[in-house]
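Read off the chains here:
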Amino acid sequence: MPNSDRSRSSRRLALALAGAAWLGGPLAVVAQTPVKPAVPNAGSVPVAAPELARALPDFSALVEQAGPAVVNIRTSEKVKVANAQVDEQMRELLRRFGIPVPPQRRAPPGSAPSPAPEDDDDDDAPQRRGLGSGFVIGADGFVMTNAHVVDDADEVMVTLTDKREFKAKVIGLDRRTDVAVLKIDAANLPLLRMGDVGKLKVGEWVMAIGSPFGFDNTVTAGIVSAKARDTGDLLPLIQTDVAINPGNSGGPLLNLRGEVVGINSQIYSQSGGFMGISFAIPIDEAMRVADQLRANGRVTRGMLGVYPDDVSKEVAEAIGLGKPQGALISRITAGGPGEKAGLQLGDVITRFDGKPVEKAVDLRRLAAATKPGTKVQLQVFRRGATKDLTATLDALPDDRAPATPEAEAPAATGAQAWGLTVSELTDAQRKELKVDGGLRIDTVDGPAARAGLRTGDVILSANNAEVKTIKQFQAALAKVEKGKPLQMLVRRGEVATYVVLKPGKG
């Protein structure tokens, strides 16, 4: 073989060995020995070190340990078909999607078709089917999953890794945290250990086990991307890049010690599929909810009866707070704990029962995590000074109860042209402000925002006309000439001042 061919052959071998070392393959050990050049003066090829490959985690032992405690969940919900008379086009559509077609009831010749009676026990009724995951939290048959997996299901089936199948009873579910507890008739089930979310670090390896698209016990892995994401209502969520898809919901998120640190719950997606961002419910918060569900079948939470907003940098500087922190009270429920405690519009709550309040969401979560009837100390910043108040929390309405608005929705008026939505003051707000009337500003935009108006300001007059009702406000606005500015008397806190709104876009 000519020397040039030998040289090329030697370089190819060296590169192949280097690649094996980088991938941690069987040739990695050989690749650690430099390859001698085939001809004099030919330089040796540098070889990648295998340390990085050896540092990557092996999840196989973890899967063997945790896998048996993860379950597959299937749900079905009967679909109520009006009149139970399905035309042929609809029947064909149901067949294509594998949905049972209800039997067609034929009327006698010459008679008009009559509606079929509803029958909740009709086994031939069409059904919606769902998939999810869960994991055992009690050796006597308690299973945790997401509330959205089993919500409104008529039947819930749980399948273990040993292929045993059980019909499950929903002990309780909580929509606000998306946690549910099921019970199956089984004993001596394998359990998972609960981890310490406080010790979880960003960049740490984590693993998920679940049933994406019905593929049981599928394992995916990634790292913790962020902690305490404010994408949840009452819970901060754990963000990861672990692949999560439909069917993974309710499955465990585990650290490398085999401990559960979260429940896989949500994904961020613009396509409906996984896009590299997924969220899990912290397991410590989920277990607190699960304990209440197991004990009472429902969750009780505290409520302060206020509407908090975040404090912007500009507002913090303007009121002398120093830095943007705390929860700005923009609305107060009449007769609620906040009003009884002496809270006022514009107050900034900076501490709740000794705990710092950095953002509005902190106040909501701290109140919700406190038992109703508990007395709590509030540290309030009001007009340049700090004040301490005591409030006794009410119970937050159950998430299954029909929603009842605590105040009327902002009225749709001609004020939108000025960037405003307003609502009439309640009797309690009038009494507190010591005014006979006025309109509360609910949102600001455009000309109103440029004039410096804020949510919570009270309009006392518009275009030199006193306003006590929405109707009076509409009449005053109707008299403003097109293209002319609008002058209003506005009260903020204890101070009233005239504000001029200039028409225009933006």
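Here, the structure is the one placed above.
### Thoughts on the overall build of the protein
Scanning the protein for helices and strands turns up 13 helices and 27 strands. Counting all 506 residues of the protein, 42% fall into the buried class. For the protein, restricting intrachain contacts to residue pairs at least 6 apart in sequence, the fraction spanning at least 24 positions comes to 61%. When the accessible surface of the protein is split by element, carbon and sulfur atoms take 52% of a total near 27,200 Å².

### Things to note about the packing of aromatic side chains
Under the defined criterion, the tally for this structure stands at 1 aromatic pair. Residues F59 and W205 carry aromatic rings whose centres are separated by 6.0 Å and whose planes lie at 65° to one another, so their mutual orientation is edge-to-face. Of the two residues, F59 is situated in the loop between α3 (51-55) and α4 (60-66) and W205 in strand β8 (residues 205-210); the sequence distance between them amounts to 146 residues. Of the residues examined, W205 reaches a relative accessible area of 32% and is grouped as partly exposed. The ring of F142 is capped by K183, whose NZ or CZ atom sits 5.5 Å from the centre of that ring. For R331, the ring lying beneath its charged end belongs to Y307, and the centroid distance is 4.8 Å.

### Quick notes on helix α13 (residues 470-478)
Each α-helix turn comprises 3.6 residues. Residues three or four places apart therefore point the same way. Buried within α13 we find I470, F473, A476 and L477. An end-on view of α13 places all buried positions within 125° of arc, on one side of the element. Exposed and facing more than 90 degrees away from the buried side of α13 are K471 and A478.

### So, the environment of R383
Turning to its location among the elements, R383 is positioned in the loop between β19 (375-382) and β20 (385-392). Judged by relative accessible area, which is 55%, R383 ranks as exposed. Taking the C-alpha atoms as reference points, R383 and E494, 111 residues apart in sequence, are found 9.4 Å from one another. Not counting residues within four places of it along the chain, the set of residues in contact with R383 comprises Q344 and E494.

### Things to note about the pairing of β20
The sheet contact formed by β19 and β20 spans 8 bridges and is antiparallel. Each residue of the ladder has a partner; that of R382, found in β20, is A385. Hairpin connection of β19 to β20: 2 residues between the antiparallel strands, including R383 at a positive phi of 45°.

Calculation notes
- Residues numbered from 1 in each chain as written.
- Predicted model: local features only at pLDDT ≥ 70, side-chain atom pairs only at ≥ 80, totals over all residues.
- Heavy atoms only, no water.
- Helix = DSSP H or I, 4+ residues; strand = E, 2+ residues; numbered from the N terminus.
- Buried < 20%, exposed > 50% of the residue type's maximum accessible area, 1.4 Å probe, protein only.
- Contact = heavy atoms within 4.5 Å.
- Areas by Shrake-Rupley, 256 points an atom, 1.4 Å probe, with all protein chains shown as cover.
- Phe/Tyr/Trp six-rings, centres within 6.5 Å; stacked < 30°, edge-to-face > 60°.
- Lys NZ or Arg CZ within 6 Å of the ring centre and 35° of its normal.
- Arc of directions from axis to C-beta.
- Pairing = 2+ DSSP bridges.

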